[in-house]
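# Per-entry structural report
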Amino acid sequence: MTNGITLLDALTQALGADAILHSEADTAGYVEDWRGRYKGPALCVALPGNTQQVADIVRLCNAHATPVLPQGGNTSLCGGSVPAATGVPPVIVNLSRMRRVRRVDAANNSMEVEAGCVLATVQNAAAAEGRLYPISLGAEGSCQIGGTIATNAGGTGVLRYGNTRDNILGLEVVLPDGAIWNGLTALRKNNTGFDLKHLFIGAEGTMGIVTAAVLKLHPLPTAHAVAWLAPDSPQAALDILGLFQRACGSRLSAFEMIDINQLDIVMEHVPGRKNPLAGKHPWHVLVELSDTGNSAELQDLLQQILEQASEQGLLHDAVVASNDTQRAALWEVRHSVSEGNKKAGVGLTTDSAVPVSCVPRFIEDATQAVRRLVPGLPVLIVAHLGDGNVHFIPFFTFDAWNALPERDAMAAAIRRAVNDVSDALGGTFSAEHGVGRTSLAEMAHYKSPVELAMMHALKNTFDPANLFNPGRLLP
Ligand code: FAD
């Protein structure tokens, strides 16, 4: 209480009662994560409608020494977007009411959007102007631009377009002291000192609240060719990737690999999903070419490369989508992995990236490492192979998980075993999901003291009271 008024009352006065949720029923969808793994109390959920209101909320939280938890679509896979079970309950600042597409500048290949815009809405607004916003991922129907910026999200287009960091031109941010930084530049060149936007991209809400962004757009591809392949092995998949890269250059826009265990789960647990191939093959790749030319040419190119791969003994089988419906159906299989896994059991999703050339070795060594801990443990592979990011997922049925002694310690040991393998190959434990709470111990273990000290120094400068997302990202 400050000056006799509670924070809840002050927030209600500032934003209006309809923008402050505090009953258990009203806040239920905001205090628990998508998979039901993390849950904690919040003082309230604030739903600001503009940047000034975000700044007002932050100033009031400062005055009441209350933590601030920025929240987007609440699709975080690492416990980053909901309160912890212990500690001072934060004010969740959910950006969903700030969802205006402010401007699309087609000639500049850029668009300015508010942080609460859902990713799919942004993609559609860009497409309406003949442009592409290339970040694409399974949660795109619910995650927000602000969340993807805060986590530097990757997804299926990184191979060609880079990750979120590569597609941001400018940001507007409310800083931890309540000041508003207007960095909404739409420039591609601007060498006027530190490029401050990068302090907030991937910072997981620890340095401020992103309220708006200028996004980089690309020409909207009008031609597509998509195939589903069964390579002989991960090494064969890599060799096929090389064939595509040499023949197609930047027209190669996705190269995604899953294993048969993962495909089986999708087929069993997600209605309508089928194995695109007739046989039961151990490895599966979805490849996409896209361009602004015509689809027939791309289809020919795709066919030629598949023939080459087949002649070289790299491929067991392949099917090429012959129309948009078939193309969408193949992508649906790929995008259904998270839904299938959630229904099937408990996957200890890891988020390694290794040099692309090391992926086969990583999969082999990590499989052995986890099976030394739990003999015979099933493993699922979901890899953005084109950029070396492998979600290596040791997987338990619900029964096996419930019967596991000392579950938390075992889960931590399994993750560490996988991360040790990627570390030994020059990789990282967090390629695209972020650190959140799940990987705090990994940050402490793998980051050098020098790097951690620099991060803490920056954090202390911006947020000396440590009110923004305490207990996330920084150990
Ligand atoms: P939230 O989950 O709400 O928040 C995530 C973090 O960002 C939290 O720390 C939060 O405090 C912070 N934050 C949110 N909004 C703001 C803001 N405006 N300002 C400052 N901080 C903020 N990720 C990938 O990279 N690639 C994938 O392929 C991928 N696939 C996924 C598939 C599924 C089905 C799901 C559920 C998730 C997937 N993810 C993937 C995880 C990914 O991180 C999120 O989907 C997305 O980037 C988070 O956006 P969000 O709006 O839901 O953020």
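The rules we used
Residues numbered from 1 in each chain as written. Predicted model: local features only at pLDDT ≥ 70, side-chain atom pairs only at ≥ 80, totals over all residues. Heavy atoms only, no water. Helix = DSSP H or I, 4+ residues; strand = E, 2+ residues; numbered from the N terminus. Rg over C-alpha atoms; globule rule 2.2 N^0.38 Å. Buried < 20%, exposed > 50% of the residue type's maximum accessible area, 1.4 Å probe, protein only. Contact = heavy atoms within 4.5 Å. Areas by Shrake-Rupley, 256 points an atom, 1.4 Å probe, with all protein chains shown as cover. Lys, Arg positive; Asp, Glu negative; His and termini not counted. Charge placed at Lys NZ, Arg CZ, Asp CG, Glu CD. Pairing = 2+ DSSP bridges. Axes fitted to C-alpha atoms, helices over the stretch in contact; angles between N-to-C directions. Parallel < 35°, antiparallel > 145°, perpendicular 65-115°, else oblique. Left-handed = near helix turned anticlockwise from the far one by under 90°. Nonpolar A, V, L, I, M, F, W, Y, C, P; charged D, E, K, R; others polar. Salt bridge = Lys/Arg side-chain N within 4 Å of Asp/Glu carboxyl O. Near = heavy atom within 4 Å. Polar contact = N/O pair within 3.5 Å; in protein donor to acceptor, adjacent residues only side chain to side chain. Domains from an automatic or database assignment. Buried area = accessible area lost by both parts, 1.4 Å probe. Expected span 1.5 Å × (residues − 1).

Looking at an unreviewed UniProt entry, the protein carries the name FAD-binding oxidoreductase, with the source organism given as Achromobacter seleniivolatilans.

## Structural notes on the overall build of the protein
Scanning the protein from N- to C-terminus turns up 17 helices and 19 strands. Scaling as 2.2 N^0.38, a compact globule of 475 residues should have a C-alpha radius of gyration of about 23 Å, and the protein matches this with 23 Å. Seen through its C-alpha atoms, the protein measures out along the principal axes to roughly 80 × 60 × 45 Å. Within the protein, buried positions represent 53% of all 475 residues. Contacts in the protein between residues far apart in sequence, at least 24 positions, make up 75% of those at least 6 positions apart. Surface exposure of the protein reaches about 19800 Å², of which carbon and sulfur atoms provide 52%. With 35 positive and 46 negative side-chain charges, the protein shows a separation of 3 Å between the mean positions of the two kinds.

## Quick word on the sheet that holds strand β8 (residues 168-174)
Reading across from one edge, β5-β6-β10-β8-β9 is the order of the five strands in this open sheet, with antiparallel pairing throughout. Either end of the sheet is taken by a strand with one partner, and the two such strands are β5 (101-105) and β9 (180-183). Going from strand to strand, the sheet's axes swing by 10° on average, the running direction of each strand aside. Pairing analysis gives five bridges linking strand β6 (residues 110-114) to strand β10 (residues 209-216), with the strands arranged antiparallel. Paired with Val 113 across the two strands is Ala 213, which belongs to β10. Here helix α4 (residues 119-128) sits on the sheet and contacts β5, β6 and β10; the angle it forms with β6, its principal contact strand, is near 145°.

## Section: the packing of helix α8 (residues 234-248) against helix α10 (residues 295-311)
Helices that pack against each other are described as a pair by the angle of their axes relative to one another and the distance between those axes. Packing of α8 against α10 brings their axes to within 10 Å, and their N-to-C directions diverge by 140°. It follows that α8 is oblique to α10 by the angle criterion. Relative to α10, α8 is oriented so that their crossing is right-handed. Residues Ile 240, Leu 243, Phe 244, Ala 247 and Cys 248 of α8 pack against Leu 301, Leu 302, Ile 305, Leu 306, Gln 308 and Ala 309 of α10. When its residues are assigned to classes, the contact of α8 with α10 shows 10 nonpolar, one polar and no charged.

## A word on the pattern of salt bridges
In total, this model carries 17 salt bridges according to the counting rule given. The salt bridge partner of Arg 102 is Glu 112, with a shortest N-O separation of 3.0 Å. Separated by 10 residues along the polypeptide, Arg 102 in strand β5 and Glu 112 in strand β6 bring together distant segments of the chain. By relative accessible area, Arg 102 is classed as partly exposed at 27%.

## What to know about the site of the ligand
What surrounds the ligand is a group of 36 residues, the closest being Pro 70, Gly 73, Thr 75, Ser 76 and Gln 144. The contact in question runs from an oxygen atom of the ligand to an N or O atom on the backbone of Pro 70, over 2.6 Å. Here the ligand loses 96% of its free accessible area of 970 Å² to cover by the protein chains. The set of elements that each furnish at least two residues to the shell around the ligand consists of β3 (68-71), α5 (145-150) and β10. Broken down by element, the shell around the ligand gets its largest block of residues, four residues, from α5.

## A look at the domain arrangement of the protein
What the domain assignment lists for the protein is domain 1 (7-94), domain 2 (101-219), domain 3 (223-338) and domain 4 (348-436). Computed from C-alpha coordinates alone, the two centres of domain 1 and domain 2 are separated by 22 Å. Counting from both sides, the interface comprises 15 residues of domain 1 and, opposite them, 17 residues of domain 2. Roughly 1100 Å² of surface becomes buried between domain 1 and domain 2 when both sides are summed, with 64% attributable to carbon and sulfur atoms. The three residues of domain 1 that bury the most area against domain 2 are Thr 51, Pro 70 and Thr 75, which together make up 37% of that side's buried surface. Across the contact surface, domain 1 and domain 2 share zero salt bridges. Counting across the domain 1 and domain 2 interface gives four residue pairs in polar contact (both at pLDDT 80 or more). Contributing elements (two or more residues each) for the side of domain 1 that touches domain 2: α3 (51-63), β3 and β4 (91-94). It is α3 that provides the largest number of residues to the side of domain 1 that touches domain 2, a total of seven residues.

## Some words on α8
Spanning 15 residues, α8 covers 21 Å between terminal C-alpha atoms, matching the ideal 21 Å at 1.5 Å per step. Buried within α8 are the following residues: Pro 234, Ala 236, Ala 237, Leu 238, Ile 240, Leu 241, Gly 242, Leu 243, Phe 244 and Cys 248. Where α8 is buried, its residues contact β12 (223-231), β13 (252-259), β14 (283-291), α10, β15 (315-320) and α13 (359-373).

## Structural notes on the pairing of β8
The two faces of a sheet get side chains in turn, since along a regular strand they alternate between them. For β8, the tally of buried residues reaches seven of seven residues, placing the bulk of the element in the interior. Pairing geometry for β8 and β10, over six bridges, is antiparallel. Paired with Gly 170 across the strands is Val 214, a residue of β10. Pairing geometry for β8 and β9, over four bridges, is antiparallel. If you follow Val 173 over to β9, its bridge partner there is Trp 181. The antiparallel hairpin formed by β8 and β9 contains five residues in its connecting segment, where Gly 178 sits at a positive phi of about 95°.

## Describing unusual backbone geometry
Across the chain, the bulk of peptide bonds are trans and the bulk of non-glycine residues have phi less than zero. Even without being glycine, Asn 109 reaches a positive phi, approximately 50°. Counting through the fold element by element, Asn 109 comes out in the loop between β5 and β6. We classify Asn 109 as partly exposed; its relative accessible area is 23%. For Glu 406, which is not a glycine, the phi torsion comes out positive at approximately 45°.

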